[in-house]
Amino acid sequence: MNERTVSDAHGADDPGLPSPPAVTDIRHTLRAQSQDAFANAEPRSNPTVPAAVRRWKLWLLTVCGIYPTIVLLGLATNPVLEDLYLPVRLAVLVPAAAAAMVWHISPRLQRHFGAWLTR
């Protein structure tokens, strides 16, 4: 909208109606409000930094999660996929095992063994 349309819409020419606020005033008000909110926020007394996960422990936890997953998926799909070549069977098993690890198994293992991973 151009200025003429905005002032007409708000009735700036009509003495009984208030004139529209300037865009810079709105920006200034929003900026001041956000600065006030930031200034009034309570500071963190002791910011916590997540402890580093020991890689060998994460590897061990992953092996313990993925081995039974692949074995169970292999046993469950063997009657259907037994006639296929090994690379084709793995092309089906690996994405299914990876999805199970990412969305189900790893989060549960890390929640259960989280303290051990960072010791």
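Our subject is the structure that appears above.
Residues numbered from 1 in each chain as written. Predicted model: local features only at pLDDT ≥ 70, side-chain atom pairs only at ≥ 80, totals over all residues. Heavy atoms only, no water.

Chemist: Before we move on, could you go through the overall build of the protein and cite the residues and values that matter?
Modeler: Scanning the protein from N- to C-terminus turns up four helices and zero strands. The long-range fraction of contacts in the protein, counting pairs at least 24 apart against all pairs at least 6 apart in sequence, stands at 64%. Of the roughly 10,100 Å² that the protein leaves accessible, carbon and sulfur atoms contribute 63%. (Helix = DSSP H or I, 4+ residues; strand = E, 2+ residues; numbered from the N terminus. Contact = heavy atoms within 4.5 Å. Areas by Shrake-Rupley, 256 points an atom, 1.4 Å probe, with all protein chains shown as cover.)

Chemist: Can you lay out the side chain of T69 for me, pointing to particular residues and giving the numbers?
Modeler: Position of T69 relative to the elements: it lies in helix α3 (residues 55-81). Those residues in contact with T69, other than ones at most four positions away along the chain, are A97, A100, M101 and I105.

Chemist: Talk me through the packing of α3 against helix α4 (residues 86-118); I want residue IDs and the actual numbers.
Modeler: Two numbers describe how α3 lies on α4: the axes approach to 8 Å, and their chain directions differ by 145°. As α3 packs across α4, the resulting crossing turns out to be right-handed. When grouped by side-chain class, the residues that make up the contact of α3 with α4 number 19 nonpolar, seven polar and two charged. (Axes fitted to C-alpha atoms, helices over the stretch in contact; angles between N-to-C directions. Left-handed = near helix turned anticlockwise from the far one by under 90°. Nonpolar A, V, L, I, M, F, W, Y, C, P; charged D, E, K, R; others polar.)

Chemist: So, the packing of aromatic side chains: which residues are in play, and what are the values?
Modeler: The geometry of two aromatic rings is summed up by the distance between their centres and the angle between their planes. Inspection of every chain in the model, using the stated rule, returns two aromatic pairs. Ring plane angle 80° and centroid distance 6.1 Å describe the contact between W56 and W116, whose orientation is recorded as edge-to-face. Separated by 60 residues along the polypeptide, W56 in helix α3 and W116 in helix α4 bring together distant segments of the chain. Residue W56 is classed as exposed on the basis of its relative accessible area of 54%. Here F113 and W116 contribute two aromatic rings whose centre-to-centre distance is 6.3 Å and whose plane-to-plane angle is 70°, an arrangement assigned as edge-to-face. (Phe/Tyr/Trp six-rings, centres within 6.5 Å; stacked < 30°, edge-to-face > 60°. Buried < 20%, exposed > 50% of the residue type's maximum accessible area, 1.4 Å probe, protein only.)

Chemist: Describe in detail the environment of M101, supporting the description with residues and values.
Modeler: Relative to the helices and strands, M101 is located in helix α4. Judged by relative accessible area, M101 falls into the buried class, the value being 5%. With 35 residues separating them along the chain, M101 and I66 place their C-alpha atoms 6.9 Å apart.

Chemist: Which residues make up α3, and what values go with them?
Modeler: Given 3.6 residues to a turn, an α-helix orients residues that are three or four positions apart in the same direction. Taken as a whole, α3 carries its principal kink of about 35° at L75; the proline P79 stands between one and four residues after it. What α3 keeps buried is the set K57, L61, G65, T69 and L81. Buried residues belonging to α3 abut α4. (Bend = angle between axes of the 7 residues up to and from the residue.)

Chemist: I'd like a rundown of α4, residues and numbers included.
Modeler: Across its 33 residues, α4 extends only 38 Å between first and last C-alpha, which sits more than 12% below the 48 Å expected from 1.5 Å per residue. The axis of α4 is deflected most strongly, by about 60°, at H112. For α4, the complete set of buried residues consists of L93, A97, A100, M101, S106 and L117. In this structure, the buried residues of α4 make contact with α3. (Expected span 1.5 Å × (residues − 1).)

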